[in-house]
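Breakdown of the fold
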Amino acid sequence: MESTGLVIARHGESRCGREGIVGGPRGCTGLTELGRWQAARLAAALAQEHDVKPFAALYATSVRRVAETAEVVSARLGLPLTVSDDLRDPDYGEADGRPWREVLSEVRAGPEDGLDIAVAPGAETWKDYLVRVTAGLTRLLDRHRGERILVIGHGETVTTAAHLFLRLPPEARVHAGFEVTPTGITRWERQPLVPGIRERHHRWVQVTHNDTAHLAAAIMASEGAAPP
């Protein structure tokens, strides 16, 4: 059986992210022009990878910035897109669509309290979010055992995968984090504990984190011209 692989790519730059707006279903207004350029470069890089090590399936959330990125990738790879809203970013409740500066100024809790306290009425806590997305990722990996799957998601998706595979407690978020930039690619593989020996003991290995070489390569190919 082939090794199971999980590749997660973050969406391109979003308007709500650039403007500092809480980007739930109401607040997200899709990709910026730069974000669309990034999505095209991401799709080209993933298409090359797909030719060598095919993806069995492509998943994404319905949040507009992710959906727009995933549609570009789906068309380039020729892979049907399946929406998996179990993997969507945290629910922000009444904060959705408001400026982050305003929302955070109203939170009367420290970082550690924030693990259990929502940023606004109706919002998920970080612990609730981890439970939901961890369960979603686990279901996908069980469904595609022995296959490579591609997920277009959020920065939090990458963080949750690290918590899952490294068995980090929710409290780890207070002390350390994982930088994830627009269209950064993170790759995980389930490999034998002892290389070259087939046995029942396996572990998850992070092959790359936040790989954005596709963006740098595109800029170099255009002789240093800045992206549109």
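The text that follows walks through the structure, step by step, so that each part is easy to find. Owing to the predicted nature of the structure, the values given are computational and were not obtained by experimental measurement.

Calculation notes
Residues numbered from 1 in each chain as written. Predicted model: local features only at pLDDT ≥ 70, side-chain atom pairs only at ≥ 80, totals over all residues. Heavy atoms only, no water. Phe/Tyr/Trp six-rings, centres within 6.5 Å; stacked < 30°, edge-to-face > 60°. Helix = DSSP H or I, 4+ residues; strand = E, 2+ residues; numbered from the N terminus. Buried < 20%, exposed > 50% of the residue type's maximum accessible area, 1.4 Å probe, protein only. Core = buried A, V, L, I, M, F, W, Y, C linked by side-chain atoms within 4.5 Å. Contact = heavy atoms within 4.5 Å. Axes fitted to C-alpha atoms, helices over the stretch in contact; angles between N-to-C directions. Left-handed = near helix turned anticlockwise from the far one by under 90°. Nonpolar A, V, L, I, M, F, W, Y, C, P; charged D, E, K, R; others polar. Salt bridge = Lys/Arg side-chain N within 4 Å of Asp/Glu carboxyl O. Pairing = 2+ DSSP bridges. Expected span 1.5 Å × (residues − 1).

1. A few points about the packing of aromatic side chains
Evaluation of the coordinates by the stated rule reveals 4 aromatic pairs. Judged by centre distance (4.8 Å) and plane angle (55°), the ring pair of F165 and W188 falls under tilted. A residue pair is termed long-range when its members are at least 10 positions apart, and F165 in helix α6 (residues 155-166) and W188 in strand β5 (residues 185-192) qualify at 23 residues. Summarising the burial analysis for this pair, F165 and W188 share the class buried.

2. Quick look at the nonpolar core
Formed by 21 residues in total, the largest nonpolar core has its most connected members in L6, V151 and A161. Of all the secondary structure elements, the ones that give two or more residues to this core are β1 (5-10), β2 (57-60), α5 (126-143), β4 (148-153) and α6. A total of 7 residues in this core trace back to one element, the largest contributor, which is α5. Excluding residues that lie within four positions of it along the chain, L6 makes contacts with L137, L141, I149, V151, A161, F165, T186, R187, W188 and W204.

3. Describing unusual backbone geometry
In this structure, R167 takes a positive phi of about 55° despite not being glycine. Structurally, R167 can be placed in the loop between α6 and α7 (172-175). According to the relative accessible area criterion, R167 is exposed, its value standing at 77%. One non-glycine residue, T183, lies in positive phi territory at about 60°.

4. Regarding the packing of helix α2 (residues 33-52) against helix α3 (residues 64-77)
At a closest axis distance of 9 Å, the pairing of α2 and α3 adopts a crossing angle of 35°. Pair α2 / α3 crosses with right-handed handedness. Residue-level inspection shows A39, A40, L42, A43, A44, L46, A47 and H50 of α2 in contact with α3, the latter providing T69, V72, V73, R76 and L77. Looking at the contact of α2 with α3 residue by residue, the classes come out as 10 nonpolar, 2 polar and 1 charged.

5. Side note on the pattern of salt bridges
Between side chains of opposite charge, pairing is possible as soon as their charged atoms come close. Inspection of every chain in the model, using the stated rule, returns 15 salt bridges. Between R187 and E49 there is a salt bridge whose closest N-O contact spans 2.8 Å. Residue R187 is found in strand β5, and its partner E49 is found in helix α2; the two are separated by 138 residues along the sequence. Of the two residues, R187 and E49, both sit in the buried class. We note a salt bridge from D89 to R65, for which the minimum N-O separation is 2.6 Å. One end of the pair, D89, is in the loop between β3 (81-83) and α4 (100-105); the other, R65, is in helix α3, with 24 residues separating them in the sequence. Salt bridges linked by common partners bring E49, R148, R187 and D211 together as one network.

6. A short note on the sheet that holds β5
Spatial ordering of the open sheet is given by β3-β2-β4-β1-β5-β6, a layout of 6 strands whose pairing is mixed. For this open sheet the edge positions go to β3 and β6 (202-211), each flanked by a neighbour on one side alone. For this sheet the average axis-to-axis angle between neighbouring strands, irrespective of direction, equals 20°. In this structure, β1 lies alongside β4, joined through 6 bridges in parallel fashion. Considered in β4, the bridge of V7 is made with L150. Across the sheet, α5 touches β1, β2, β4 and β6, and the angle it forms with β4 is around 155°.

7. Topic: α3
Here α3 spans 20 Å end to end across 14 residues, near enough to the 20 Å set by a 1.5 Å rise per residue. Within α3 the residues assigned to the buried category are R65, V66, A67, T69, A70, V73, S74 and L77. The inward-facing, buried residues of α3 contact α1 (15-19), α2, β2, β3 and β4. One or two positions beyond α3, positive phi appears at G78, with a value near 70°.

8. Digging into α6
Along an α-helix, a turn takes 3.6 residues, which lines up residues three or four apart on a common side. Compared with the 16 Å implied by 1.5 Å per residue over 12 residues, the 17 Å span of α6 between its first and last C-alpha is a close match. Burial of α6 is extensive: 9 of the 12 residues sit out of reach of the surface. By the burial criterion, the buried members of α6 are G155, T157, V158, T159, T160, A161, A162, H163 and F165. In this fold, the buried residues of α6 make contact with β1, α5, β4, α7, β5 and β6. Positive backbone phi, approximately 55°, marks R167, located one or two places after α6.

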